[in-house]
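Each chain is listed here by its residues.
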Amino acid sequence: MPLNENAYVLIGPQVALGPMRTDLIANYLNWKNDVELQRALSGAKALHTLESYTELYQREMAEPDSLVLTIYVRASETPIGTVKVSNICYQNRTARFTIIIAHSDARQRGYATEATQLMLDYAFRDMQLYSLYVQIPQYNIAAFKTFEKVGFVQFGREREAVIAMGRVWDKLHMQCLAPEFFNKAEVGGRNTPAAVRVR
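In this report, the structure presented in the accompanying data block is examined. (Residues numbered from 1 in each chain as written. Predicted model: local features only at pLDDT ≥ 70, side-chain atom pairs only at ≥ 80, totals over all residues. Heavy atoms only, no water.)

**Observations concerning the packing of aromatic side chains**
For the structure shown, the criterion picks out 11 aromatic pairs. For the ring pair phenylalanine 124 and phenylalanine 182, a centre distance of 6.3 Å and an interplane angle of 65° mean the geometry is edge-to-face. With phenylalanine 124 in helix H4 (residues 111-125) and phenylalanine 182 in helix H6 (residues 178-187), the pair connects residues that are 58 residues apart, well separated along the chain. Pairing phenylalanine 147 with phenylalanine 152 gives two aromatic rings, centres 5.2 Å apart and planes at 65°, and the pair type is edge-to-face. Residue class for phenylalanine 147 comes out buried when judged on its relative accessible area of 5%. By relative accessible area, phenylalanine 152 is classed as buried at 2%. One aromatic cluster is present, built from ring pairs that chain together Tyr28, Trp31, Tyr53 and Tyr57. The ring of tryptophan 169 carries arginine 167 above its face, with NZ or CZ at 3.7 Å from the centroid. (Phe/Tyr/Trp six-rings, centres within 6.5 Å; stacked < 30°, edge-to-face > 60°. Helix = DSSP H or I, 4+ residues; strand = E, 2+ residues; numbered from the N terminus. Buried < 20%, exposed > 50% of the residue type's maximum accessible area, 1.4 Å probe, protein only. Lys NZ or Arg CZ within 6 Å of the ring centre and 35° of its normal.)

**Remarks on the environment of aspartate 170**
Looking at the element boundaries, aspartate 170 is found in strand S8 (residues 167-177). As a C-alpha pair, aspartate 170 and glutamate 160 span 10 residues in sequence and 4.4 Å in three-dimensional space. In this structure, aspartate 170 is in contact with Ile136, Pro137, Gln138, Arg157, Glu158, Arg159, Glu160 and Ala161, ignoring residues within four places of it in sequence. A distance of 2.8 Å separates a polar atom in the side chain of aspartate 170 from the backbone nitrogen of glutamate 160. (Contact = heavy atoms within 4.5 Å. Polar contact = N/O pair within 3.5 Å; in protein donor to acceptor, adjacent residues only side chain to side chain.)

**Observations regarding the pattern of salt bridges**
Evaluated as defined, the whole model comprises 4 salt bridges. In this structure, the salt-bridge partner of aspartate 23 is arginine 21, at a minimum N-O distance of 2.7 Å. The partner of aspartate 170 in a salt bridge is arginine 157, with the nearest N and O atoms 2.9 Å apart. Of the two residues, aspartate 170 is situated in strand S8 and arginine 157 in strand S7 (residues 153-164); the sequence distance between them amounts to 13 residues. (Salt bridge = Lys/Arg side-chain N within 4 Å of Asp/Glu carboxyl O.)

**Some thoughts on helix H1 (residues 25-32)**
Regarding H1, the residues found buried are Ile25, Tyr28, Leu29 and Trp31. One side of H1 holds all its buried residues, which, seen down the axis, span an arc of 160°. (Arc of directions from axis to C-beta.)

**Comments concerning the pairing of strand S5 (residues 94-101)**
Examined bridge by bridge, strand S4 (residues 78-89) and S5 share 7 bridges and lie antiparallel to one another. For cysteine 89, the partnering residue across the bridge sits in S5 and is threonine 94. Alignment of S5 against strand S6 (residues 131-137), held across 3 bridges, turns out to be parallel. Across the sheet, the residue bridging to arginine 96 is tyrosine 133, located in S6. (Pairing = 2+ DSSP bridges.)

Interpretation in functional terms is not warranted from these geometric data alone.
What follows is the structure in structure tokens.
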């Protein structure tokens, strides 16, 4: 279905972020059941049926302490993944960050970096959060480099916390603070792509 800019929440040079859509549930289900993708995130998980995932989707959309958006390639309007800010604690201004680039041909193109920058800028500037953290298995080097590029710093390591590919791996904990994120933008040029807030 053709989209227009009103379907997006945040717009960058290459990607745009928009609300989750019920007509894309089949896409989200396929991404959720992609074993290779789940392994890259945190190890393989249980597979979902359409019915079980629809229930999960509805619960996730109703959560007051999370925000999930779909990532689109602007040129083709193709949905390629999701970004999520969850476990939001407004008292301490903290939250967990997660990103999924589901399409293999959409990786290594800078889309994940740009989508992360857009979401962090929104979380820090508009949601008034102060600290975001991520958790990734140690073998996901591409994710580590992406997070490091936008301002995340490793602060901990959970030993032998992920079982994948026939062995155990450590889980890396990274954190990005609002002042460091914006300071990185000032010192290193433009860390954050120009974002147009449509809504």
